[in-house]
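This is what each chain is made of:
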Amino acid sequence: MSSKIYPIGIQNFEKIRKDGYFYIDKTALIYKLVKTGSYYFLSRPRRFGKSLLLSTLEAYFKGRKELFEGLAMESLEKDWIEYPVIHLDLNAKKFDTENDLIRLIDRQLLVYEAQYGSCSSDETIDDRLVTLIRLAAEKTGQRVVILVDEYDKPMLQAIGRDELQEEYRNTLKAFYGVMKSMDGYIKFAMLTGVTKFGKVSVFSDLNNLNDISMWNQYIDICGVSDQELHDNLEVELSEFADARGMTYNEICVALREYYDGYHFTHNSIGMYNPFSLLNAFLRNEFGSYWFETGTPTYLVELLKKHHYDLQRMAHEETSAEVLNSVDSTSDNPIPVIYQSGYLTIKGYDERFGIYRLGFPNREVEEGFVITQEEQVEEEIIPITQQMMKPPPPPPPAPKLTDLIDIVEDDTNIDDDLEILDAEDQSENQVIENVADFGEYGEENTGESEIFQVVEDMPSFPGGNVSKWIAKNVKYPVLAMENGIQGKVFIQFVIERDGSITDVKVARGVDASLDKEAVRVVQSMPKWKPGKQRGKPVRVAYT
């Protein structure tokens, strides 16, 4: 039985090493990083190990040799010089005002100013950083190391609030620009984040940074490679397989399908999501561990702002220039979606320099399409009353929820769907008719004939189809979180025996809503079939 203690949610290198947590040795890559350059930027999705990487760098530059015992760094590094380290973390607060950002940085600078000194005449945080770097270098006799974790958090949280984002951009541009002007005092600097803001944004003055996000030699500096999985968790793989009643090969295939597949350049190995992978080993169960921690607010706001169709996600194509940098003024959400880990590189056309994107693995894909772990018990579902036109005496068509609207089969469905705001709709509000049924169809009652309207229209068992749908619909969690609502138009046929066939989306709204609408219609019990001239016939609805 494995005795490994998995460091889920633990991002401090010292704690991992002192308390005996499982650690995959990345220190050879870290040694290479610090010996071959001075300024770096790394973009990786959330919970991918960026904070642990910076914590490891901090321990190294502070000369904490004892923490590296048994790791590659122990034999690689000979000098173990202690440098002053300024480690800033912008992931610790929700940003709603300009002062939120200033106060967070102020509190962190105060800690280092107490250690190295300050100047009372400095008024701005960038002036204070200039003084802090100079004094730290002069006091210790060593150049300064600067580490910034989640450098982009304020900008991301301000997506959709242009004025606030502009304020953050100007503040951070000046603050991060200090590293260029103080180059002579700086030994090493690294910024990490989910995205890379470029062009006229916070990186415009930081052209001395090496962006290693798509460098093949550092692809596995965060995350877990397949080789690392087998080198470090071979025993646990067998235990996992036994616990699931699977063979060793089957568990390996399943883990790759669920959690592998992150490609950060076109010719790289795939990387496992470490958060989901370690959770799976901890519980010996497959689950959507990373996705269930929540879609970031900034991504939800971005998708809503640009009305992005999630069905496009598996078919996106773009260039390296777009993937590499987020322009905060751009209307293109793809760079943020990619850098946040919801898309990855699936292929590359060298002739045109075009990357083909897609979902990295099953966890992400299923999370976007439909989340089955949570079920909505009560949901506000506006009801549409469908009325029948003459000839009499056909009964009115059954009421359906706003998820499914019944209209005439040849009705032209307008491209501009009405998207309803849940906050503006009351529970029992009746909204405008979508369409009316037309005249009788052909009088032919052949077995293969599909009618639009018949003398005796099909009826739902119990008569209240809307109540049945309200009870059985499982509103996709992703759609709820994004505030997505609208009419999904479904085509289906009620057969002569009352069964439902040929269910398909005529006009969709969102991939998750479309899929749920189809599922609900397919799961309906048999209807009382429609009749023409006393004989059961096939009746089509749209």
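Refer to the structure printed above.
Everything in this summary refers to the structure shown in the same document. (Residues numbered from 1 in each chain as written. Predicted model: local features only at pLDDT ≥ 70, side-chain atom pairs only at ≥ 80, totals over all residues. Heavy atoms only, no water.)

1. Notes on the overall build of the protein
Assigned secondary structure in the protein consists of 19 helices and 19 strands. Sequence separation of 24 or more characterises 72% of the internal contacts of the protein that already satisfy a separation of 6 or more. A total accessible area of about 24,900 Å² is found for the protein, and carbon and sulfur atoms account for 45% of it. (Helix = DSSP H or I, 4+ residues; strand = E, 2+ residues; numbered from the N terminus. Contact = heavy atoms within 4.5 Å. Areas by Shrake-Rupley, 256 points an atom, 1.4 Å probe, with all protein chains shown as cover.)

2. Description of the pattern of salt bridges
Under the definition given, this model contains 20 salt bridges. Close ionic contact of Glu-228 with Lys-26 constitutes a salt bridge, the shortest N to O distance being 2.9 Å. With Glu-228 in helix H9 (residues 226-232) and Lys-26 in the loop between helix H1 (13-18) and helix H2 (27-36), the pair connects residues that are 202 residues apart, well separated along the chain. Judged by relative accessible area, which is 12%, Glu-228 ranks as buried. With a shortest N-O distance of 3.2 Å, Asp-349 and Arg-351 are connected by a salt bridge. On the basis of relative accessibility, which here comes to 23%, the residue Asp-349 falls in the partly exposed class. Linked through salt bridges whose partners overlap, the residues forming this network are Glu-14, Lys-18, Arg-64 and Glu-66. (Salt bridge = Lys/Arg side-chain N within 4 Å of Asp/Glu carboxyl O. Buried < 20%, exposed > 50% of the residue type's maximum accessible area, 1.4 Å probe, protein only.)

3. Re helix H19 (residues 511-522)
Taking 1.5 Å as the rise per residue, H19 with 12 residues should run 16 Å; its terminal C-alpha atoms sit 17 Å apart, in good agreement. In terms of residue burial, H19 counts as a mostly covered element, since nine of its 12 residues are buried. Along H19, the positions that sit buried rather than exposed are Ala-511, Ser-512, Leu-513, Asp-514, Glu-516, Ala-517, Val-518, Val-520 and Val-521. (Expected span 1.5 Å × (residues − 1).)

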